[in-house]
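# Coordinate analysis (summary)
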Amino acid sequence: KKNQDSFDIRDLGDGKALLGIYDGHGPHGEKCSQMCANLLGGILQKNNRLLPAGELLTEAHREAHCSLLKSQSFDSSLSGTTSVVAVLNL
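Heads up: these notes are all about the structure in this document. Fair warning: this is a prediction, and the values are worked out from it, not measured in the lab.

Reading the values: the criteria
Residues numbered from 1 in each chain as written. Predicted model: local features only at pLDDT ≥ 70, side-chain atom pairs only at ≥ 80, totals over all residues. Heavy atoms only, no water. Helix = DSSP H or I, 4+ residues; strand = E, 2+ residues; numbered from the N terminus. Rg over C-alpha atoms; globule rule 2.2 N^0.38 Å. Buried < 20%, exposed > 50% of the residue type's maximum accessible area, 1.4 Å probe, protein only. Areas by Shrake-Rupley, 256 points an atom, 1.4 Å probe, with all protein chains shown as cover. Lys, Arg positive; Asp, Glu negative; His and termini not counted. Charge placed at Lys NZ, Arg CZ, Asp CG, Glu CD. Patch = residues over 30% accessible without salt bridge, like charges linked within 9 Å, V, L, I, M, F, W, Y side chains within 5 Å. Salt bridge = Lys/Arg side-chain N within 4 Å of Asp/Glu carboxyl O. Axes fitted to C-alpha atoms, helices over the stretch in contact; angles between N-to-C directions. Parallel < 35°, antiparallel > 145°, perpendicular 65-115°, else oblique. Left-handed = near helix turned anticlockwise from the far one by under 90°. Contact = heavy atoms within 4.5 Å. Nonpolar A, V, L, I, M, F, W, Y, C, P; charged D, E, K, R; others polar. 1 Å grid on protein atoms, 1.4 Å probe; cavity = no way out; pocket = protein on both sides within 12 Å on 5 of 7 lines; lining within 4 Å. Points joined across faces, edges and corners; volume = space filled by probe spheres on them.

This paragraph deals with the overall build of the chain. Secondary structure summary: the chain contains 2 helices and 3 strands in total. Ordering the α and β elements of the chain from the N terminus gives β-β-α-α-β. Here the C-alpha radius of gyration of the chain, 13 Å, is about what a compact globule of 90 residues would show, namely 12 Å. Every one of the 90 residues in the chain was classed for burial, and the buried ones make up 34%. For the chain, the accessible surface area stands at approximately 5600 Å², while carbon and sulfur atoms represent 55% of it. Counting 9 positive and 10 negative side-chain charges, the chain places the centres of these two groups 4 Å from one another.

On to a nonpolar patch on the surface, then. A grouping of Phe-7, Ile-9, Leu-19, Ile-21, Val-84, Leu-88 and Leu-90 is seen on the molecular surface, where their side chains present a nonpolar patch of about 760 Å² in accessible area. When residues of the nonpolar patch are traced back to their parent elements, those giving at least two are β1 (5-13), β2 (16-25) and β3 (80-89). On the basis of relative accessibility, which here comes to 59%, the residue Ile-9 falls in the exposed class.

Glancing now at the packing of helix α1 (residues 29-47) against helix α2 (residues 53-70). The contact between α1 and α2 brings their axes to 9 Å, and the two run at 135°. Looking at the two axes, α1 sits oblique to α2. Between α1 and α2 the crossing geometry is right-handed. Contacts between α1 and α2 involve Cys-32, Met-35, Cys-36, Leu-39, Leu-40, Ile-43, Leu-44 and Asn-47 on the former and, on the latter, Leu-56, Leu-57, Ala-60, His-61, Glu-63, Ala-64, Ser-67 and Leu-68. Tallied by class, the residues present in the contact of α1 with α2 amount to 12 nonpolar, 3 polar and 1 charged.

Positive phi, close to 55°, is recorded for Asp-14, a residue that is not glycine. In this fold, Asp-14 is placed in the loop between β1 and β2.

Okay, empty space enclosed by the protein next. Using the criterion set out here, one finds 1 cavity of 30 Å³ or more in the structure. When its volume is computed, the largest cavity comes out at roughly 40 Å³. Lining the largest cavity, in full, are Leu-12, Lys-16, Asn-48, Leu-51, Ala-53, Leu-56 and Val-87. Counted by class, the lining of the largest cavity contains 5 nonpolar, 1 polar and 1 charged residues.

This is how it looks when you write it as C-alpha cells:
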C-alpha cells in the first residue's frame, strides 16, 4: 500500500515554529495530506501574529478543510487526512 502521509516543519517567524503530521486516507489520501500540509503551513505562516495560537489553528484547519472540499483536481468525498500539529514558541 502506498504511503499517504505528509509532514511539514517550518519557521513561522516571530519566534514560532510549526510541526505537522498528516495521515491521509481513502483513494486520494496522499493528495489530501499534501494539500493540507501546504495549506495549513501557508495559512499559519501568513497569519501567525493575528490570533492566539489555538484560534489560529482552528481557523487554519477550517480554511484548509473548505479548500479541500472545493478542490477540482481530485474528489475528496471518500478521502481525507487527519492532522496533528503543534505551534512551538522558540
